Structure formats: structure tokens, C-alpha cells
Amino acid sequence: MDFPSYVNKPVGFDAVTGLADSQPALARHYSDMKNMYLDEEARQKLEDNGNALIYNFYDFGVPEKDSDLAFGTSIVYPGKVGDEYHMTNGHFHTILDTAEIYYCQAGYGMMMMESPEGDVLYKEMRPGQSVYVPGRYAHRSINLSDTETLITFYVFRADAGHDYGSIKEKGFRKIVVEKDGKWEVVDNPRWKA
Ligand code: NI
């Protein structure tokens, strides 16, 4: 059989960095997340001052078929934009009713989830724990640590697709901010029905 490279050779993910040994990671910097954080002024400042990396993830080019599984690591670096913890853009799946599994390899974070109808779920993630994202729920990873990188391994049906549209427009219903040294889930003032 003629298999893709990730079948012929297991992909190695570094235990400390989460990075793959087979190809470069995709990257999202401050400049890639305009208007995604509540404090846009703070985000712009961070973009102007070095435009550091917020997170990495992978696309191994798995065929987008319902019989295939897309996989990779998501690597969210510690930091905050204003009071809001570093996070991924987050997305619904284009085929809405498709689930996803995340397995936390390192760090400390949260999976924030919400359905189109407004049901909100959030689960803390610690090393060795998995989070099951039910079908129909948008999901975003948030790094709750000030010092550690949040590394998760994800698997989802390869034809699920990513729908960023509604989230780019108004974000998630809830955001996670630091208050008195602890995380707190609060209403997103910019979210509108
Ligand atoms: Ni997903």
C-alpha cells in the first residue's frame, strides 16, 4: 500500500516543547489575533513590541474524509493580553456535529466550549487528562499558567472542517481573565446575540 508519510513513520512530538519532528508548526502571533481579545489596545502593543508567538498547531495534510482522523498538537505559550489569558482562536466544526478529543501532555489550561444555542462548558486540563469536546460545540484552548506552556494532542474526524466565522465576529460568550491571581470565567462584553 502507498501510505502518507505519517503512516509510514510515526510522528514524534517532543515531550517538552510539543513540537513535531516531521514538519514545521503553523503559528499564530499577536498580529494574527486582531480583535480576538477584549483589550485590543493591549494586543496591539504586544504586536508592536516583538509580536511574539501565542500558539502553534499542526496540519499533516490528512485527507479530509469521514474515515480519516486529523491529529496534532496545540501548543499555547503562557502570557496574557490585558487580563485575558493566552488562547487559540477557537472554532466550530464546519460539519457541526463532529466531536474532538484533546489530551493534555503538559502545562495547565482550560477547554472553553459553547453550543450555537448558548450552552457553555469549560473544563480544566492538566497533564494526563483528556477532554472530550462534544459535537456541535465550538472549542478553544486557554493557557491558565503564567509560566508553563500548555501542550495538548488532538484528534478529530478529518472532514470536520473549521468554521472560524462567527467567532471572529463576536468571540465566545465567556472569556477567562485573571482576577486577584486566579482565573475567572466572565461574560464577554463584546458578545452579542
Ligand atoms: Ni476542532
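Please read these numbers as outputs of a predicted model, since none were measured by experiment. (Residues numbered from 1 in each chain as written. Predicted model: local features only at pLDDT ≥ 70, side-chain atom pairs only at ≥ 80, totals over all residues. Heavy atoms only, no water.)

## Focus: the overall build of the protein chain
Then, number 1: A tally of helices and strands in the protein chain yields three helices and 13 strands.
Then, number 2: Over its C-alpha atoms the protein chain spans a radius of gyration of 16 Å, differing by no more than 12% from the 16 Å that the globule rule assigns to 193 residues.
Then, number 3: For the protein chain, the proportion of its 193 residues judged to be buried stands at 42%.
Then, number 4: Taking the contacts inside the protein chain whose residues are at least 6 apart along the sequence as the reference set, 67% of them involve residues at least 24 apart.
Then, number 5: As displayed, the protein chain has an accessible area near 9900 Å², and 50% of this comes from carbon and sulfur atoms.
Then, number 6: Counting 20 positive and 30 negative side-chain charges, the protein chain places the centres of these two groups 4 Å from one another. (Helix = DSSP H or I, 4+ residues; strand = E, 2+ residues; numbered from the N terminus. Rg over C-alpha atoms; globule rule 2.2 N^0.38 Å. Buried < 20%, exposed > 50% of the residue type's maximum accessible area, 1.4 Å probe, protein only. Contact = heavy atoms within 4.5 Å. Areas by Shrake-Rupley, 256 points an atom, 1.4 Å probe, with all protein chains shown as cover. Lys, Arg positive; Asp, Glu negative; His and termini not counted. Charge placed at Lys NZ, Arg CZ, Asp CG, Glu CD.)

## Some words on the pattern of salt bridges
Then, number 1: Taken as a whole and judged by the stated rule, the model has 11 salt bridges.
Then, number 2: Note that Lys34 is salt-bridged to Glu47, the shortest N-O span being 3.3 Å. Highlighted residues: Lys34 in the loop between β1 (26–29) and α2 (40–48) and Glu47 in helix α2, separated in sequence by 13 residues.
Then, number 3: With a closest N to O distance of 2.7 Å, Arg43 and Glu40 form a salt bridge. Here Glu40 and Arg43 lie together in helix α2, a separation of three residues that amounts to about one turn.
Then, number 4: Put simply, Lys34, Glu40, Arg43 and Glu47 are held in one network by salt bridges that share partners. (Salt bridge = Lys/Arg side-chain N within 4 Å of Asp/Glu carboxyl O.)

## Some points on the coordination of the nickel ion
Then, number 1: The coordination sphere of the nickel ion contains the protein donors His91 (NE2), His93 (NE2), Glu100 (OE) and His139 (NE2), at a distance range of 2.0 to 2.2 Å.
Then, number 2: One chain supplies every donor for the nickel ion, spaced along it as H-x1-H-x6-E-x38-H. One end of the pair, His91, is in the loop between β5 (84–85) and β6 (100–106); the other, His139, is in strand β10 (residues 138–143), with 48 residues separating them in the sequence. Exposure class is identical for His91 and His139. Each is buried. (Donors = N, O, S within 2.8 Å, 3.2 Å for Na, K, Ca; no water.)

## Overview of the sheet that holds β1
Then, number 1: Sheet architecture is open: six strands sit in the order β1-β2-β3-β11-β6-β9, paired in antiparallel fashion. Edge positions in the sheet fall to β1 and β9 (130–133), since each of these pairs with one other strand and no more. Geometrically, the sheet is characterised by an average inter-axis angle of 20° between neighbouring strands, direction not taken into account.
Then, number 2: Across four bridges, the pairing between β1 and strand β2 (residues 53–57) is antiparallel. Residue pairing across strands places Ala27 opposite Asn56, the latter belonging to β2. (Pairing = 2+ DSSP bridges. Axes fitted to C-alpha atoms, helices over the stretch in contact; angles between N-to-C directions.)

## What to know about the nonpolar core
Then, number 1: Of all hydrophobic cores here, the largest spans 47 residues; its most connected members are Ile142 and Val176.
Then, number 2: Only β2, β3 (69–76), β6, β7 (109–114), β9, β10 and β11 (150–157) provide two or more residues apiece to this core.
Then, number 3: The residues contacting Ile142, other than those within four sequence positions of it, are Tyr85, His86, Met87, Tyr108, Gly109, Met110, Met112, Leu150 and Val176. (Core = buried A, V, L, I, M, F, W, Y, C linked by side-chain atoms within 4.5 Å.)

## Overview of the environment of Glu114
Then, number 1: Note on placement: Glu114 falls in strand β7.
Then, number 2: We classify Glu114 as buried; its relative accessible area is 3%.
Then, number 3: As a C-alpha pair, Glu114 and Ser130 span 16 residues in sequence and 18 Å in three-dimensional space.
Then, number 4: The residues contacting Glu114, other than those within four sequence positions of it, are Phe92, Asp119, Val120, Arg136, Tyr137, Ala138, Gly171, Phe172, Arg173, Lys174 and Trp191.
Then, number 5: One polar contact links the side chain of Glu114 to the main-chain amide nitrogen of Arg173, over a distance of 2.6 Å. (Polar contact = N/O pair within 3.5 Å; in protein donor to acceptor, adjacent residues only side chain to side chain.)

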